[in-house]
Amino acid sequence: MLDPKILKFYARKDIQEEIAKLAKNRELAVRYSNGSFGKRPDVLQYPSDVLELARQGVSSFHFSEERWSDPLQLRSGMCKKHLDDLRSGWDLVLDIDTNFFEFSKVAAALLVEALKFYNVSSVGCKFSGRSGFHLFVPFEAFPSSVNDQETRLLFPDGVRNIAMHLKDVIEVPLREQILSLSSVEEMQKAIGGDAKELVKNGKFNPFAVVDIDSVLISSRHMFRSVYSINEKSGLVSVPVKLDQIKNFQLKQAKIENVSLDVPFVVQPAENEAKHLIIEAFDKTAKRDLPYIPEREISTNKKAGDFVMPKVKVKEEHFPECIKKTLEGMESDGRKRAVFVLINFLHHMGYTFDEILERLLEWNKKNYEELREGYIRSQVSWHKRQKESIPPPNCANKSYFPIVGSCENCKAKNSVQYVKRRLFLLKQQEKKKRVSKKRLE
């Protein structure tokens, strides 16, 4: 039986309307007062559904970050293609996860500043109902495509990449402000365990005590609805004015104090988050690039350096290590293989569009496919570079024999192998022509 106080709260027409407004085109998941969850997929169609579900014992409402053309068509275990076909968009929800309420306020305020730095003005903020905050940017703030891929398909990569990028942006001020509130020793006592867990590379790691959830985000990921009650705290997930985050008090989230004077969803200007998402994907691509020793990416031209062919080289002339790689990876090393293949194929005269097509075909042969967004971002990053990076030398143990090794091959690297092979073939053709003329 639901607490009469909670039932009375969900009976409010204004609360019903706000929850129903957020529910549009989203999957619904409900939690009952006994701790159990409702069936999925489900939807909330009318404001009156809120009260009806509450009468059935529902204590909280949760919605998908993704928007769907028909949420009721969702099924457990659906493949990515079917999910992509149903997905009409997604909203950026930054979930600040911590047990330290004051630290959460600091992190939320810094994230708002970071978003404003990127000219994102359509930021909504709400108290999570326990000790964190949710920041919200609607899908309409983003461009229709990023790196030649539809933005609606970039879930969860879009949210993950933006979250990781913003963590990099706020790390230093977050560290300083948290340390102004508490010492490492005090935090260690509060969380228990080893104080070393709070230190990374000799510095206090602020994300050890207040994090922005990104790793656990997956398709059909849910977040607590605005004006939904948290079962553990009994507090309401209420919107908060951006300039009042640091002044927010838990008493403002008590059922009897809830008012609707702050909007959670803010109408954005067209493409206002374009710079944010593009830079987030660029930074992720650079972060994911394997380490290459400087001596192997030197662009100094020397006599005899390989000249990119005007016509792409046929795969029959590739070295065995590349051929073996293109057959698919049966073990780890896929990301390093992507780096090798992009640079090798570019030196073989392939356009970046042809490289992307070949890598997507190759990816399907791997023991486990990489995210398509990862491959696209890697190709896009290399495409924007002014100088061409050669593939690593065969002696680089970070890459070989991970992507395959060549027996009886004395070439310094895969490009040199092709250069030597094409030279020998050219000489053989020349000899054949000379011999033919002599016979004539």
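Residues numbered from 1 in each chain as written. Predicted model: local features only at pLDDT ≥ 70, side-chain atom pairs only at ≥ 80, totals over all residues. Heavy atoms only, no water.

Between helix H2 (residues 13-23) and helix H3 (residues 47-55), the least distance of the axes is 7 Å, while the angle of their chain directions is 110 degrees. It follows from the interaxial angle that H2 and H3 lie roughly perpendicular. On the side of H2, the interface is formed by Gln16, Glu17, Ile19 and Ala20, while H3 contributes Pro47, Ser48, Val50 and Leu51. Residues of the contact of H2 with H3, tallied by class, amount to 5 nonpolar, 2 polar and 1 charged. (Axes fitted to C-alpha atoms, helices over the stretch in contact; angles between N-to-C directions. Helix = DSSP H or I, 4+ residues; strand = E, 2+ residues; numbered from the N terminus. Parallel < 35°, antiparallel > 145°, perpendicular 65-115°, else oblique. Contact = heavy atoms within 4.5 Å. Nonpolar A, V, L, I, M, F, W, Y, C, P; charged D, E, K, R; others polar.)

Attention now goes to the packing of helix H10 (residues 334-347) against helix H11 (residues 352-363). For any two helices packed against each other, one specifies the crossing angle of their axes together with the interaxial distance. In contact at an axis separation of 10 Å, H10 and H11 are set at 145 degrees when each is read in the N-to-C sense. Relative to H11, the crossing made by H10 is right-handed. For the pair formed by H10 and H11, the contact residues are Arg334, Ala337, Val338, Leu341, Ile342, Leu345 and His346 on the first element and Phe352, Ile355, Arg358, Leu359 and Trp362 on the second. Among the residues forming the contact of H10 with H11, the class breakdown is 9 nonpolar, 1 polar and 2 charged. (Left-handed = near helix turned anticlockwise from the far one by under 90°.)

Moving on to the packing of aromatic side chains. What the rule picks out here adds up to 16 aromatic pairs. For the pair Trp90 and Phe155, a centre-to-centre distance of 6.2 Å together with 50 degrees between the ring planes defines the contact as tilted. Of this pair, Trp90 sits in strand S4 (residues 87-90) while Phe155 sits in the loop between strand S9 (149-150) and helix H6 (157-181), and the two are 65 residues apart along the sequence. The class of Phe155 is buried, set by a relative accessible area of 5%. Three or more aromatic residues joined by ring pairs make a cluster, and in this case those are Trp90, Phe139, Phe142 and Phe155. Above the face of the Phe264 ring, Lys126 is positioned so that its terminal group lies 5.9 Å from the ring centre. (Phe/Tyr/Trp six-rings, centres within 6.5 Å; stacked < 30°, edge-to-face > 60°. Buried < 20%, exposed > 50% of the residue type's maximum accessible area, 1.4 Å probe, protein only. Lys NZ or Arg CZ within 6 Å of the ring centre and 35° of its normal.)

Another point: the confidence of the model for the protein. Mean pLDDT over the protein stands at 87; residues scoring 70 or higher make up 88%. The low-confidence segment residues 290-305 (pLDDT under 50) makes 19 contacts with residues lying over four places distant or belonging to another chain. (pLDDT = per-residue confidence, 0-100.)

Below, the discussion takes up the sheet that holds strand S2 (residues 58-64). Strands sit in the order S1-S2-S13 across an open sheet of 3 strands; the sheet is antiparallel. Of all the strands in the sheet, just strand S1 (28-32) and strand S13 (222-224) have a single pairing partner and so form its edges. Strand after strand, the sheet turns through a mean of 35 degrees between neighbouring axes, direction not considered. Both S2 and S13 contribute to a ladder of 3 bridges, which runs antiparallel. For Phe63, the partnering residue across the bridge sits in S13 and is Phe223. In the packing of H3 onto the sheet, the strands contacted are S1 and S2, and the crossing angle to S2 comes to about 135 degrees. (Pairing = 2+ DSSP bridges.)

Counting buried positions over the 7 residues of strand S5 (residues 92-98) gives 5, a clear majority of the element. Where S5 and strand S12 (residues 210-212) come together, 3 bridges link them in antiparallel fashion. Residue Ile96 lies in a different strand from S12, and its bridge partner there is Ile212.

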